[in-house]
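An overview of the molecular structure
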Amino acid sequence: QVQLVESGGGLVQPGGSLRLSCAASGMIRSINDMGWYRQAPGKQRELVAALTSGGSTNYADSVKGRFTISRDNAKNTVYLQMNSLKPEDTAVYYCNADVRNKWYQIRNYWGQGTQVTVSS
């Protein structure tokens, strides 16, 4: 079994910053792609940022230049540094990862989500 646990969400004023973390634990042999998604009320879940095991990144146009995704492979953790936050960034943010377990099976996992609210 594999678990993804997010942390770092909260309430921030427009223009502020937050750093989200997502730690993977359990029967992990290796982690391939990792990413962050978000879902605002009444909207579909959307990709925010993704990072491959090789270091390639992909960002939603709406966050380019403001958000940075990174990972610490030794800690099985992915981060999302969010700067210059806007009210439209308000959403539940979910961590996602493709994990190779101890049986060499690749499975996709989601975290439980962390709320980010940008408001004055």
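What comes next is a walk through the structure. (Residues numbered from 1 in each chain as written. Predicted model: local features only at pLDDT ≥ 70, side-chain atom pairs only at ≥ 80, totals over all residues. Heavy atoms only, no water.)

**Re the side chain of Ser-21**
- Within the secondary structure, Ser-21 is located in strand β3 (residues 18-26).
- A residue is classified by how much of its surface remains accessible, and Ser-21, at 19% relative accessible area, is buried.
- Among residues more than four places away in sequence, those in contact with Ser-21 are Val-5, Glu-6, Ser-7, Trp-36, Val-78 and Tyr-79. (Helix = DSSP H or I, 4+ residues; strand = E, 2+ residues; numbered from the N terminus. Buried < 20%, exposed > 50% of the residue type's maximum accessible area, 1.4 Å probe, protein only. Contact = heavy atoms within 4.5 Å.)

**Considerations on the state of the cysteines**
- For the structure shown, the criterion picks out one disulfide.
- Across a sulfur-sulfur distance of 2.1 Å, Cys-22 and Cys-95 are joined as a disulfide pair. On the S-S bond that ties Cys-22 to Cys-95, the torsion sits near -80 degrees, and the link is left-handed. Of this pair, Cys-22 sits in strand β3 while Cys-95 sits in strand β9 (residues 91-101); the two residues are 73 residues apart in sequence, bridging distant segments of the chain.
- Since its relative accessible area comes to 0%, Cys-95 is described here as buried. (Disulfide = S-S within 2.5 Å.)

**Some details on the packing of aromatic side chains**
- Applying the stated criterion across every chain yields a total of two aromatic pairs.
- Aromatic side chains Tyr-37 and Trp-110 sit 5.0 Å apart centroid to centroid with 65 degrees between the ring planes, which places their arrangement in the edge-to-face category. Separated by 73 residues along the polypeptide, Tyr-37 in strand β4 (residues 28-39) and Trp-110 in strand β10 (residues 106-110) bring together distant segments of the chain.
- A relative accessible area of 39% places Trp-110 in the partly exposed class. (Phe/Tyr/Trp six-rings, centres within 6.5 Å; stacked < 30°, edge-to-face > 60°.)

**Examining the pattern of salt bridges**
- Considering all chains together, one arrives at four salt bridges under this definition.
- Between Arg-38 and Asp-89 there is a salt bridge, with its nearest N and O atoms 3.0 Å apart. Separated by 51 residues along the polypeptide, Arg-38 in strand β4 and Asp-89 in the loop between β8 (77-82) and β9 bring together distant segments of the chain. Residues Arg-38 and Asp-89 agree in their burial class; the two are buried.
- Salt bridges here are not isolated pairs; linked through shared partners, they connect Arg-38, Glu-46, Arg-66 and Asp-89. (Salt bridge = Lys/Arg side-chain N within 4 Å of Asp/Glu carboxyl O.)

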